[in-house]
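Chains, contacts and geometry: an overview
Spelled out, the chains give:
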Amino acid sequence: MTRLAGRALRVTILVGESDTWHHRPLYSEIVHRAHEAGLAGASVFRGIEGYGASSLIHTSRLLSLSEDLPVAILIVDTEDRVRAFLPQLDALVHEGLVILDDCEVIRYAGRERPE
């Protein structure tokens, strides 16, 4: 199990829900690659409204535009491990936004795995 406490780096990736990588949702590919890389954690959050570089507003309020809602993937780990993962994001994210933030981990605890 990865131990994480104190100073860390958070990477936030903002993409569209319909973005894919080889017929798989891009957000899922990113999470699985982060897991394979042994990063401490990754979560995906589905937005209800937003826009990006294209200036097109995507919203869940209009049925016709609800097919490509914004998705945020958050990954947290030590700075070295996150920076080592960035080349994979460069290869995967062709449209979207990747943000790095310094953060402090106060508590990082998981469930006990059954043996």
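Keep in mind that what you see is a predicted model, and the values were worked out from it rather than measured.

**Some thoughts on the overall build of the protein**
If you tally the helices and strands in the protein, you get 2 helices and 8 strands. For the protein, the N- to C-terminal ordering of α and β elements is β-β-β-α-β-β-β-β-α-β. Of all 115 residues assigned to the protein, the portion counted as buried reaches 31%. Counting contacts in the protein only where the partners sit at least 6 residues apart, residues at least 24 apart contribute 75% of the total. For the protein, the accessible area works out to roughly 8100 Å², and carbon and sulfur atoms hold 52% of it.

**Looking at the sheet that holds strand β7 (residues 70–77)**
Backbone hydrogen bonds are what pair the strands of a sheet, in a parallel or an antiparallel way. Across the sheet, 4 strands lie side by side as β4-β7-β1-β8; this open sheet has antiparallel pairing. The sheet terminates laterally at β4 (41–46) and β8 (97–105), the two strands that pair on one side only. Each strand axis lies, on average, 20° off the axis of its neighbour in the sheet, ignoring direction. Direction of pairing for β4 relative to β7: antiparallel, over a ladder of 6 bridges. The residue of β7 that forms the bridge with glycine 41 is valine 76. Packing of helix α1 (residues 26–36) onto the sheet brings it into contact with β1 (6–16), β4 and β7, and relative to β7 it is tilted by some 5°. In this fold helix α2 (residues 79–92) packs onto β1, β7 and β8, with an angle of close to 20° to the strand it touches most, β1.

**Focus: α2**
For α2, spanning 14 residues, the distance from its first C-alpha to its last is 20 Å, which sits close to the expected 20 Å at 1.5 Å a residue. Looking only at α2, the buried set comprises Val82, Phe85, Leu86, Leu89 and Leu92. On its buried side, α2 packs onto β1, β2 (20–21), α1, β7 and β8.

**Some thoughts on the confidence of the model for the protein**
A residue-level look at the protein finds 85% of positions with pLDDT of 70 or above and a mean pLDDT of 87. Taken element by element, the predicted model of the protein shows its lowest mean pLDDT in strand β6 (residues 58–59) (69) and its highest in α1 (97).

**Regarding the packing of α1 against α2**
Running from amino to carboxyl end, α1 crosses α2 at an angle of 160°, the nearest separation of the two axes being 11 Å. As judged from the angle between their axes, α1 and α2 are roughly antiparallel. For the crossing formed where α1 meets α2, the hand is right-handed. Residue-level inspection shows Leu26, Glu29, Ile30, Arg33 and Ala34 of α1 in contact with α2, the latter providing Phe85, Gln88, Leu89 and Leu92. Within the contact of α1 with α2, the residues separate by chemical class into 6 nonpolar, 1 polar and 2 charged.

**Details of the nonpolar core**
In terms of nonpolar packing, the biggest core is built from 17 residues, with Val11, Ile13, Val15, Ile30, Ile73, Ile75 and Leu89 touching the most fellow members. Breaking this core down by element, the ones donating at least two residues are β1, α1, β7 and α2. Ranked by residues supplied to this core, first place goes to α2 with 5 residues. Of all hydrophobic cores here, the second largest spans 5 residues; its members include Ala8, Ala40, Cys103 and Val105.

Conventions we followed
- Residues numbered from 1 in each chain as written.
- Predicted model: local features only at pLDDT ≥ 70, side-chain atom pairs only at ≥ 80, totals over all residues.
- Heavy atoms only, no water.
- Helix = DSSP H or I, 4+ residues; strand = E, 2+ residues; numbered from the N terminus.
- Buried < 20%, exposed > 50% of the residue type's maximum accessible area, 1.4 Å probe, protein only.
- Contact = heavy atoms within 4.5 Å.
- Areas by Shrake-Rupley, 256 points an atom, 1.4 Å probe, with all protein chains shown as cover.
- Pairing = 2+ DSSP bridges.
- Axes fitted to C-alpha atoms, helices over the stretch in contact; angles between N-to-C directions.
- Expected span 1.5 Å × (residues − 1).
- pLDDT = per-residue confidence, 0-100.
- Parallel < 35°, antiparallel > 145°, perpendicular 65-115°, else oblique.
- Left-handed = near helix turned anticlockwise from the far one by under 90°.
- Nonpolar A, V, L, I, M, F, W, Y, C, P; charged D, E, K, R; others polar.
- Core = buried A, V, L, I, M, F, W, Y, C linked by side-chain atoms within 4.5 Å.

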